[in-house]
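Fold and geometry: a report
What follows is the residue order along each chain.
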Amino acid sequence: MRSKEGRKLKVYLDYGAAAPTDPRVLEAMMPYFTEHFGNPSSVHSLSHKAREAIAEARESVASLIGAEEPEEIVFTSGATESNNLALKGVAIRNRERGNRIVTTVIEHISILNVCKYLTRQGFEVVYVPVDQYGVVDVGRLEEAVDERTILVSVMYANGEIGTIEPIAEIGEIARERGVPLHVDATAAAGKVPIDVVREKIDLLTLSSNDLYGPKGVGALYIRKGVKISPIIHGGGQERGLRSGSENVPGIVGMGKAAELAREEMEAEAERLTRLRDRLISGILERVPESYLNGHPTQRLPNNANLRFSYVEGEALLLSLDSLGVQASSGSACTSKTLEPSHVLLAIGLKHEEAHGSVLFTLGRDTDERGIDYVVRVMPRVVRRLRAMSPLTPKELLR
Ligand code: PMP
């Protein structure tokens, strides 16, 4: 299938799995691989530049999320490590106070698998359900928080179905009960404004790559006064919370990415929302028995998760790939299993409905031309796959 001009287009719509590093970020990083390679912990003058650069990056990341002090930011190797540090760090530190952790059924696997581990260590984890759109049941969450609860952990937005959670409301409940709130903002940061003070967030996970920074770096915001234990021990870098010589170029890159995200987020979110809605309505109008997964309005500007009856998602992805369109079946991190997505099952989809879902995540290079190309090829691709399925009703193929 060709574009109007007759050429096959390349349309990358899997930014949720991986994003290119912004050239401006790369440029900011380069000197820290070469000229300014010093270790920030050294005494000599070569270390100054690295120390200053890390301080600047810390300020920039703090500013993106409205943190009051740069020291509230701890750099890590990515969102998975930040989530591990938040949950294990709070659990170990507060063992004497209680053993209950309240989270949700739609968290990322890097939260759910830490919870499984902590359960084996004697902690009790309560998983709060969500509604058909993926919105956390705040009433059930409130009931679950008791006097033994040491942590509430809820994601800011779900990267798979795009639903944005009522974090300010949850923050209010947790703060009132004196329980720290951890928020995994990996999929949301740089897409929607986050304010840790206003939303009463105590710990917050960030990933650099989701901000168009390099991979292999992330951060955990830890509100001043919130006590956690380290999970990596060593030379005591990052206020003793994350030992190991700092990844200076990576941290500089994340700082630059956070600065750009803060400056450009508003206009970019508006642009992406328009393209997202064009993609969603274009496909829903042209493909019979296609549906949107997740919340219709309270959703990330770059997320469109669509479901097609009588179609197998993986086959659809391969067909799209052959036409130059790269999308995803859900979280790239769990694609190694053949199990349907736990998020799609949690919003009430049947196994076959979950398997018939495709995730498009838009980004900086997505434009109208690419979106219109996908909208144009989709009906034919779906129809062809449906024609091969014995389950497809005849009237759908007419
Ligand atoms: N949390 C959420 C909400 C995610 O979407 C992801 C994946 N991008 C992660 C955590 C894990 O990120 P990483 O694999 O970069 O550690």
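Higher on the page you've got the structure.
Treat the numbers as computed from the prediction; the structure is a model and nothing was measured.

**So, unusual backbone geometry**
- Unlike most non-glycine residues, lysine 200 shows phi in positive territory, near 55 degrees.
- Note that lysine 200 resides in the loop between β6 (181-184) and β7 (203-207).
- Of note in the backbone geometry, tyrosine 212 takes a positive phi value of approximately 70 degrees without being a glycine.
- Turning to its location among the elements, tyrosine 212 is positioned in the loop between β7 and β8 (218-222).

**With respect to the pairing of strand β10 (residues 303-308)**
- Where burial is concerned, most of β10 is hidden: 6 out of the 6 residues are buried.
- Because side chains alternate across β10, one face comprises the buried residues Asn303, Asn305 and Arg307, and the other comprises Ala304, Leu306 and Phe308, equally buried.
- Inspection of the sheet shows strand β9 (residues 290-293) paired to β10 by 4 bridges, in the antiparallel sense. Directly across from asparagine 293, in β10, lies its bridge partner asparagine 305.
- Sheet topology note: the β10/strand β12 (residues 357-361) ladder contains 5 bridges and is antiparallel. Bridge pairing in β12 places asparagine 305 opposite leucine 359.

**Overview of a negative patch on the surface**
- There is a patch of like negative charges on the surface, built from Glu52, Glu56, Glu59 and Glu71.
- Tracing the sequence through the fold places glutamate 52 in helix α2 (residues 46-64).
- Here glutamate 52 falls in the exposed class, since its relative accessible area comes to 51%.

Rules and cut-offs
Residues numbered from 1 in each chain as written. Predicted model: local features only at pLDDT ≥ 70, side-chain atom pairs only at ≥ 80, totals over all residues. Heavy atoms only, no water. Helix = DSSP H or I, 4+ residues; strand = E, 2+ residues; numbered from the N terminus. Buried < 20%, exposed > 50% of the residue type's maximum accessible area, 1.4 Å probe, protein only. Pairing = 2+ DSSP bridges. Patch = residues over 30% accessible without salt bridge, like charges linked within 9 Å, V, L, I, M, F, W, Y side chains within 5 Å. Areas by Shrake-Rupley, 256 points an atom, 1.4 Å probe, with all protein chains shown as cover. Salt bridge = Lys/Arg side-chain N within 4 Å of Asp/Glu carboxyl O. Lys, Arg positive; Asp, Glu negative; His and termini not counted. Charge placed at Lys NZ, Arg CZ, Asp CG, Glu CD.

Without other data, these values stay purely geometric and don't point to any function.
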